[in-house]
Amino acid sequence: MAHSQNALSEARSSYLRSAQHQPIEWHEWGEAAFARAKELDRPVLLDIGAVWCHWCHVMDRESYEDATLADIVNEHFVAIKVDRDERPDVDSRYQAAVQAISGQGGWPLTAFLTPDGLPFYGGTYFPREDRYGRPGFDRVLLTMANAWKTKRSDALESANSVISAIEHGESFAGRSGSLSLDIVGKLVESAVKQFDPRHGGFGTQPKFPHPSALDLLIDVGARTGHEGALQAATVTLKKMAQGGVYDQLAGGFHRYSVDERWVVPHFEKMLYDNAGLLANYAHAFQTFVDPEYARVAQDILRWLDATMTDRERGGFYASQDADINLDDDGDYFTWTREEAAAVLTPEELEIAGAYFDIGELGDMHHNPRKNVLHRTQTLAEVAKAAGRNIGEAAVLLSSAQEKLMAARRERPEPFIDRTIYTSWNAMAISAYLQTARALNLKGTEAFALKSLDRILNEAWDAERGLSHVVAYPDGERSFVPGVLDDYAFLGHALVDAWESTGDRRWYDAAMQIAASMNARFYDATGGGFLDREADGVETIGALAARRKPLQDTPTPAGNPAAAALLVRLYALSAREEFREKAEDTLESFAGIVEHFGLYAATYGLALEQFMLAPVQVVVIGGGVEGHSLAAAARARYAVNKQVLHLRREQVTAENLPPVLAETLPQLPQLQKEDAFAVVCRGTSCLPPTHDAEELLQQMA
């Protein structure tokens, strides 16, 4: 029978709308769905997934589009579907719950809840028939429906014990008396221990990029000369960029690699991964001055600019799918030797085939002839083997890349989720601003500022707060209460904008967002920040559980990100309350954080910002001299360094934050014509200098 639409036809999210024609009577998450479960006295079937998630689509096709299975669901359950990108607060809690019940997490997340929303059973992907050693989904459904009818007390008992497990997940008491850089040292050691010196990255397969950890390693390595940290950062960044996890034609990184060599990825591309990695490559270029890092950063920008941005209004899209359909596994991104030969001349194929390792036998499981483009040798080695000089080889490679890219554009392109999320956009804006400064890219800075204006105009309201969603794909807006990440990341983006432009309004907006974050999320009794507001927002089911995120998952964790923002703003405002809340937050986790190693890198960066005296390098004046001073000031990434390049007319008490307003306008050099730089640590400044070499010494 042809099925009409279910309630998801009213949804705004791309993932929910993709299920509007399924024969399941889906509901969106909300009071109404749970009221219906109570009224019918039925358990809830909760499905949490994402539009970019391959196994979510598999489960949709096998199970949720199957009429017989839909009859079982519709008869025994109230079914609710959630988009994890749209509702990270719902996702994080039920992930923790299912992890406690079954020991597994991930997407699709399948959970069975009481009508009050408490989970009593769950898992991830359930196959339609019994296989992979897992029971078929209809058997699971009937067993759960029966348990609710005949063993309800067991189900309720199980549900009640799960909530404490969710809260315990990260809000355990980890307060310890002292904060010290030893903690950072332990986090770095833990990452270095897991580093794979042969292929780069951490651990074995599957391999994920860890952007916060890479920043921590670059910072500690450059500041202290720690060889292990330097090696782990540089080898990982080089190997990832040579791998298939990196899109060798269009630029940008896929979500993770299935193997330890970074060759075969899961092909979806996420905005947050690319934002974090863009900042990593920019910071690596600042620190090591290797042109390869600059090339990769510009390549990530090229992909984001072309594919993932609203050029007209500003803003960054959320994700790009891996596949066109379920029979395809990255076919848009991969090549058989014949497909490459069909679009290239024999000379181009000789160079590009060797450079990107395009063989008769490829890399893909579902179609062994398909190759994931990756680099196992340098262009010089390829040229030598082909008996050509490197110039000729470079010309052939460049024309081959253009032709392969043009041929790829003829293929049906995987879906792009054009939802604009505040937190991920703020990460991308920060990365754009930092890259624009490291590589001197004016257009990149301008687009970041345009996007920042859009978020403030469309998602921020001083009364209601910040919306997690700036705009849906249809351009419509709808208020989804912001979570801690939205506020913390946006605050950082605003401080970055202020550092990039010296325009006071960005600093003022950062202060406003930080104050709102403190008022809404700070736990005045227990210390630290909750991930969602405690007052005035819905608390169905597991949402009532209090969580204080400490682990990077893979985006930076909310608590250390919030603490780092307060430290940055304290250095400019001298607002004591900001310093106290930052210190208290870092202390809340100091006793347990070292156990999280690699996954607590954002905490490590925040602790460095707190422990190391802030260094502000202010370059005043333009011209050749001003630019060479600014370039010297930006050399080497350091987490506790702020660099400002101001025009003379910006150096007024009205335009500057309080701490700088006290020192800078008094400088006698302001009356003269030429450019100069001042290095300030904490509240004292060194004598101004006109000389880039001297500036480098002062900063050291």
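The coordinates are above.
Residues numbered from 1 in each chain as written. Predicted model: local features only at pLDDT ≥ 70, side-chain atom pairs only at ≥ 80, totals over all residues. Heavy atoms only, no water.

*Asks:* Where do I start with the nonpolar core in this structure?
*Replies:* Generally speaking, a soluble globular protein has its nonpolar side chains buried in company with each other. Phe137, Tyr281, Met517 and Tyr603 are the most contacted members of the largest nonpolar core, which totals 195 residues. The contact partners of Tyr603, leaving out residues within four places of it in the chain, are Leu179, Ile183, Leu187, Leu550, Pro560, Leu586, Phe589, Ala590 and Val593. Val44, Leu109, Ala111 and Ile166 belong to the second-largest nonpolar core, a separate cluster that totals 23 residues. (Core = buried A, V, L, I, M, F, W, Y, C linked by side-chain atoms within 4.5 Å. Buried < 20%, exposed > 50% of the residue type's maximum accessible area, 1.4 Å probe, protein only. Contact = heavy atoms within 4.5 Å.)

*Asks:* Where do I start with the packing of aromatic side chains in this structure?
*Replies:* To describe a pair of aromatic rings, one takes the distance between the centres and the angle between the planes. Tallied over the entire structure, the rule returns 27 aromatic pairs. Ring centres of Trp26 and Tyr64 lie 4.9 Å apart, and the angle between their planes is 80 degrees; on these two criteria the pair is classed as edge-to-face. Placement of the pair is Trp26 in strand S1 (residues 26-28) and Tyr64 in helix H3 (residues 54-64), with a sequence separation of 38 residues. A relative accessible area of 0% means that Tyr64 is categorised as buried. Grouped by ring-pair contacts, the aromatic residues Tyr246, Phe253, Tyr281, Phe288 and Tyr293 constitute a single cluster. Between Arg411 and the ring centre of Trp335, over which it is positioned, the NZ or CZ distance is 4.0 Å. Seen from the ring of Phe578, Arg575 lies directly overhead, with NZ or CZ sitting 5.2 Å from the centre. (Phe/Tyr/Trp six-rings, centres within 6.5 Å; stacked < 30°, edge-to-face > 60°. Helix = DSSP H or I, 4+ residues; strand = E, 2+ residues; numbered from the N terminus. Lys NZ or Arg CZ within 6 Å of the ring centre and 35° of its normal.)

*Asks:* Would you mind going over the side chain of Gln642 with me for this structure?
*Replies:* Assignment of secondary structure puts Gln642 in strand S16 (residues 641-646). Here Glu499 takes part through its side chain, which lies 3.0 Å from a polar atom of the side chain of Gln642. (Polar contact = N/O pair within 3.5 Å; in protein donor to acceptor, adjacent residues only side chain to side chain.)

*Asks:* What is the right way to read the pattern of salt bridges from this model?
*Replies:* Pairs can form between side chains of opposite charge once their charged atoms are near each other. One pass over the structure, following the stated rule, counts 48 salt bridges. Here Arg311 and Asp305 are joined by a salt bridge, their closest N and O atoms 3.1 Å apart. The partner of Arg369 in a salt bridge is Glu338, and the shortest N-O contact between them spans 2.9 Å. Residue Arg369 is located in the loop between helix H14 (346-355) and helix H15 (379-385), and its partner Glu338 is located in helix H13 (residues 337-343); the two are separated by 31 residues in the primary sequence. A residue is classified by how much of its surface remains accessible, and Arg369, at 44% relative accessible area, is partly exposed. Overall, Glu338 belongs to the partly exposed group, its relative accessible area being 37%. Bridged by salt links that share partners, the residues Glu292, Arg295, Asp299, Arg302 and Arg375 form one connected network. (Salt bridge = Lys/Arg side-chain N within 4 Å of Asp/Glu carboxyl O.)

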